[in-house]
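Coordinates in review
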Amino acid sequence: MKGVFVTCNTDAGYFTRDKVGSYAYWIKATGLHLHGSGLFKNKCAGPWQAEMQAMINALHVLKQAKPPPIIRFIFNRDNINARSGSKGNHLRQDLKEAIAWFKKDAIERLGIDEFRRLTVNQKNYAEFRHVKSHDNTDTKRNWVNDWCDRQCKARLIEWLKKQKVHKNEAK
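Moving on to the pattern of salt bridges. Enumeration according to the criterion identifies 8 salt bridges in this entry. In this structure, Asp18 engages Arg17 in a salt bridge whose closest nitrogen and oxygen atoms are separated by 2.9 Å. Residue classification places Asp18 among the buried residues on the basis of a relative accessible area of 18%. One salt bridge connects Arg109 with Asp105, and the closest N-O pair in it is separated by 2.8 Å. Highlighted residues: Arg109 and Asp105, both in helix H2 (residues 90–110), separated by 4 residues, approximately one helical turn. Under the relative-accessibility criterion, Arg109 is labelled partly exposed at 35%. Residue classification places Asp105 among the buried positions, given a relative accessible area of 14%.

Structural data, given as structure tokens:
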């Protein structure tokens, strides 16, 4: 059993007035491609919370897919403040715990010696990269970020249209 690198691209959208957020994810690894989007079930306190929740949601989707052992994560997101860390609010802790679950799973499935051999040249198990949004750079990372952004906006527009229909039905 071989470990895989996972690239996890996420984005979030947010309507300040209604505190409604959307998310999109694009996850790639050898033999694995997951992508999708949706609305958060609960209201968001702000865009930062939506960005953090988008990463947590992506990891939940990945876990459900039962991937091979993961030996490294790279997270691409356009919100530079959305990242893991031991300090901060519960979302940072939730993200850190979700990542730790994958690391523990990889160690259990590969064995500690093989995990160490595969990760010896890595600085971190999870790396967080900032993608400049809307800079029209012709790279795969920017193309995926733009796709995620379009998906988030589409989910919010769909939600707005449903709200208008419900208001018209109530009249």
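Attention now moves to the sheet that holds strand E1 (residues 4–15). Read from one edge of the open sheet, 5 strands run E3-E2-E1-E4-E5, paired in mixed fashion. The two strands at the open ends of the sheet, each matched to only one other strand, are strand E3 (32–39) and strand E5 (126–130). The sheet shows a mean angle of 15° between the axes of neighbouring strands, taken without regard to direction. Lying on the sheet, helix H1 (residues 47–64) is in contact with E1, strand E2 (20–29), E3, strand E4 (70–77) and E5; it crosses E1 at an angle near 140°.

Now for the side chain of Gln122. As for its placement among the helices and strands, Gln122 is situated in the loop between helix H3 (112–119) and E5. Classification of Gln122 by relative accessible area gives buried; the value is 17%. A polar contact is formed between the side chain of Gln122 and the backbone oxygen of Asn124, at a distance of 3.4 Å. With residues up to four places along the chain from it excluded, the contact list for Gln122 reads Phe5, Ile71 and Arg72.

One way to put it is that H1 packs onto H2 with a least axis distance of 10 Å and a crossing angle of 20°. As the angle between them shows, H1 and H2 are arranged roughly parallel. Once H1 is placed against H2, the crossing between them reads as left-handed. Across from Trp48, Gln49, Met52, Gln53, Met55, Ile56, Leu59, Leu62 and Lys63 in H1, the residues of H2 making contact are Leu91, Arg92, Asp94, Leu95, Ala98, Ile99, Trp101 and Phe102.

Moving on to the packing of aromatic side chains. Per the stated rule, a full pass over the model turns up 11 aromatic pairs. With a centroid separation of 5.6 Å and 75° between ring planes, the pair formed by Trp26 and Trp143 is classed as edge-to-face. Of the two residues, Trp26 is situated in strand E2 and Trp143 in helix H4 (residues 140–170); the sequence distance between them amounts to 117 residues. For Trp143, a relative accessible area of 46% puts it in the partly exposed group. An aromatic cluster is built from Phe73, Phe75, Trp101, Phe102, Phe115, Tyr125 and Phe128, whose rings are joined through pairwise contacts. Directly above the ring of Trp101 sits Lys63, whose terminal nitrogen or CZ lies 4.2 Å from the centroid.

Cut-offs applied
Residues numbered from 1 in each chain as written. Predicted model: local features only at pLDDT ≥ 70, side-chain atom pairs only at ≥ 80, totals over all residues. Heavy atoms only, no water. Salt bridge = Lys/Arg side-chain N within 4 Å of Asp/Glu carboxyl O. Buried < 20%, exposed > 50% of the residue type's maximum accessible area, 1.4 Å probe, protein only. Helix = DSSP H or I, 4+ residues; strand = E, 2+ residues; numbered from the N terminus. Pairing = 2+ DSSP bridges. Axes fitted to C-alpha atoms, helices over the stretch in contact; angles between N-to-C directions. Contact = heavy atoms within 4.5 Å. Polar contact = N/O pair within 3.5 Å; in protein donor to acceptor, adjacent residues only side chain to side chain. Parallel < 35°, antiparallel > 145°, perpendicular 65-115°, else oblique. Left-handed = near helix turned anticlockwise from the far one by under 90°. Phe/Tyr/Trp six-rings, centres within 6.5 Å; stacked < 30°, edge-to-face > 60°. Lys NZ or Arg CZ within 6 Å of the ring centre and 35° of its normal.

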